[in-house]
Amino acid sequence: MTTTASNSSGDDIHSDKETQYQQQHTLAVDITDITDITDITGITDITDSKPSDSPLSLKETNYPEPLVFEPSKDIRELSQGGGLQMALQTLVASIFTALVLLMPLTIIFAFIYVSWARLPLAAYVAFCYLDPAVDNGVGRRIQWVRRLGVWKYVNAYFPVRIVLEKKLDPSLNYIFGVSPHGILCFSGQVVMGSQKSGLDEALAGITAHPAALHHALRLPLFGAYLLAIGAISSSRRSIRKCLASGKGQSVGIVIGGAKESFYTNRGSRRVILKNRKGFVREAIMAGAPLVPTFVFGENDIFFQVEHPVLRRLQEWLQSKMMFALPVFYGRFGIVPRRTPLTSVFAAPIFVEKNANPSHDEINKVHAEYLVQLHRLYNRFKPIYDPEGGDLVIV
């Protein structure tokens, strides 16, 4: 894994516009029309009046050269290979996608059609329902699962890159606010769940746990897979346990949640944040710095079928079942589009620890977060998403 403060012009994996933009500074962007905010899944709603501006965020600020963690040499070579190597990457990425979709259904079909397996399957389902790892705040990370050879091909297919605006202190606990969600949230799986992504090196000494829906972690097979790659429940109890479990223990929250997947489509840069404040409150209560994180390429992996009648049905199902059912397709159906995934981590927003933060305090930090996410996107869009439009926060 190579770490650089700038990118070589000969990198065929990502846009060559990177080197043209590295010397530019950034200008923080004002956010207007910040309305009342609700919460992430599993955290109590907070609603208040329009927050006051954070004047320090709105001044022109120079930021140092970012730290860029390139894919390892073997993954770069694999990604640039053609013929059989390319076909193998495509096959592995397609199987990976199919398994993510089919794992929750496997137990159901086995229970129906394999009579001798019903009793052990019932026992396994009961264990999943009672599994203490779901709520313990650190999950059940299994390193050999995160090191499996399949991750090498998945990382080469997209491929993955990590960018830090500032090196993070491993003695602190962080909340990484990740946007956008995408269809299948590949960033949570491929970037945070795999040792091949380079995130472990970029965040040396920091353990980033992707937060997943509590009910998803209870699902047979699929829940075990999520726990193995380091996921924890997105409930407030689990998040608090994680942030209090030791130095460096941190959580990555895809703030827009399942609902944001409905905004996913190629070229879409719309994220749900105006009505989400719970993650800010948890950060203040724990004294954990907030790190705005944007994954360029996440929304371009699949195309989504959009129709007013279908959307009303999807939103109704999402309100009842707590997860989304987008209708999507890629290349040749299920094959995801070969799109680079670049996870960019902003400089942390430090907060003063307060076990009982006021609405005004939460609103002020939330406004700062929106400003910094806009700034982050506008700084790196010309490098990693030159064809993308403006970031829209709803």
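The paragraphs below set out a description of the structure included in this document. Note that the structure is a prediction, hence the values are computed from the model and not measured.

The subject of this paragraph is the overall build of the protein chain. In terms of regular secondary structure, the protein chain is built from 15 helices and 15 strands. Long-range contacts, defined here as pairs at least 24 residues apart, represent 82% of the contacts in the protein chain between residues at least 6 apart. Total accessible area computed for the protein chain in this model is approximately 17200 Å², and 59% of it derives from carbon and sulfur atoms.

This part covers the side chain of Ser-268. Within the element layout of this structure, Ser-268 appears in the loop between α12 (257-260) and β10 (270-271). At 2.6 Å, the side chain of Ser-268 forms a polar contact with the backbone oxygen of Tyr-263. If sequence neighbours within four positions are ignored, Ser-268 has contacts with Tyr-263 and Asn-299.

This paragraph deals with a nonpolar patch on the surface. Nonpolar side chains collect at one region of the surface, where Leu-101, Leu-102, Leu-105, Ile-108, Phe-109, Phe-111, Ile-112, Tyr-113 and Ile-334 lie side by side and expose about 860 Å² of accessible area between them. Considering the arrangement of structural elements, one finds Phe-109 in helix α3 (residues 84-113).

The subject of this paragraph is the packing of aromatic side chains. The tally for this structure, following the rule as stated, stands at 15 aromatic pairs. Ring geometry for Phe-186 versus Phe-302: centroids 6.1 Å apart, planes at 35 degrees, classification tilted. With Phe-186 in helix α7 (residues 186-191) and Phe-302 in the loop between β11 (290-296) and β12 (303-304), this residue pair connects regions lying 116 residues apart in the sequence. Each member of the pair, Phe-186 as well as Phe-302, is classed as buried. Seen in terms of ring centroids, Phe-222 and Tyr-225 are 6.1 Å apart; in terms of plane orientation they differ by 35 degrees. Their pairing is tilted. Taken together, the residues span about one helical turn, with Phe-222 and Tyr-225 both in helix α10 (residues 222-228) at a distance of three residues. Exposure remark for Phe-222: the relative accessible area of 14% places this residue in the buried category. The class of Tyr-225 is buried, set by a relative accessible area of 13%. Members of the aromatic cluster, joined through ring pairs, are Phe-96, Trp-151, Tyr-157, Phe-158, Phe-186 and Phe-302.

A separate point is the packing of α3 against helix α4 (residues 118-130). Taken N-terminus to C-terminus, the directions of α3 and α4 make an angle of 150 degrees; their axes are 9 Å apart at the nearest point. Between α3 and α4, the crossing angle belongs to the class labelled roughly antiparallel. In the packing of α3 onto α4, the handedness of the crossing is left-handed. Along its contact with α3, which presents Ile-107, Ala-110, Phe-111 and Ile-112, the element α4 presents Arg-118, Leu-121, Tyr-124 and Val-125.

In terms of burial, strand β14 (residues 341-345) is largely enclosed, as five of its five residues are buried. Residues of β14 alternate between two faces, with Leu-341, Ser-343 and Phe-345 on one and Thr-342 and Val-344 on the opposite face, all of them buried. With five bridges joining them, strand β5 (residues 160-164) and β14 adopt parallel strand pairing. Bridge pairing links Val-163 to Val-344 in β14.

For helix α6 (residues 150-157), every residue scored as buried is listed here: Trp-151, Val-154, Asn-155, Ala-156 and Tyr-157. For α6, the elements touching its buried residues are α2 (73-80), α3, α5 (143-146), β5, α7 and α10.

Moving on, we come to the pairing of strand β9 (residues 249-254). Judged by how many residues are buried, β9 sits mostly within the fold: six of six residues are covered. Alignment of strand β7 (residues 207-212) against β9, held across four bridges, turns out to be parallel. Counterpart to Thr-207 in the pairing with β9 is Gln-249.

With that out of the way, let us pick up the side chain of Asn-173. Structurally, Asn-173 can be placed in the loop between β5 and β6 (175-179). Assessed through its relative accessible area of 17%, Asn-173 is described here as buried. Within the structure, Asn-173 has its side chain in polar contact with the backbone oxygen of Gly-246 (distance 2.6 Å). A polar contact is formed between the side chain of Asn-173 and the backbone oxygen of Gln-249, at a distance of 2.8 Å. Contacts of Asn-173, omitting those with residues within four sequence positions, involve Leu-243, Gly-246, Lys-247, Gly-248, Gln-249, Ser-250, Ala-288 and Pro-289.

Conventions we followed
- Residues numbered from 1 in each chain as written.
- Predicted model: local features only at pLDDT ≥ 70, side-chain atom pairs only at ≥ 80, totals over all residues.
- Heavy atoms only, no water.
- Helix = DSSP H or I, 4+ residues; strand = E, 2+ residues; numbered from the N terminus.
- Contact = heavy atoms within 4.5 Å.
- Areas by Shrake-Rupley, 256 points an atom, 1.4 Å probe, with all protein chains shown as cover.
- Polar contact = N/O pair within 3.5 Å; in protein donor to acceptor, adjacent residues only side chain to side chain.
- Patch = residues over 30% accessible without salt bridge, like charges linked within 9 Å, V, L, I, M, F, W, Y side chains within 5 Å.
- Salt bridge = Lys/Arg side-chain N within 4 Å of Asp/Glu carboxyl O.
- Phe/Tyr/Trp six-rings, centres within 6.5 Å; stacked < 30°, edge-to-face > 60°.
- Buried < 20%, exposed > 50% of the residue type's maximum accessible area, 1.4 Å probe, protein only.
- Axes fitted to C-alpha atoms, helices over the stretch in contact; angles between N-to-C directions.
- Parallel < 35°, antiparallel > 145°, perpendicular 65-115°, else oblique.
- Left-handed = near helix turned anticlockwise from the far one by under 90°.
- Pairing = 2+ DSSP bridges.

By themselves, these observations are geometric and do not establish any function.
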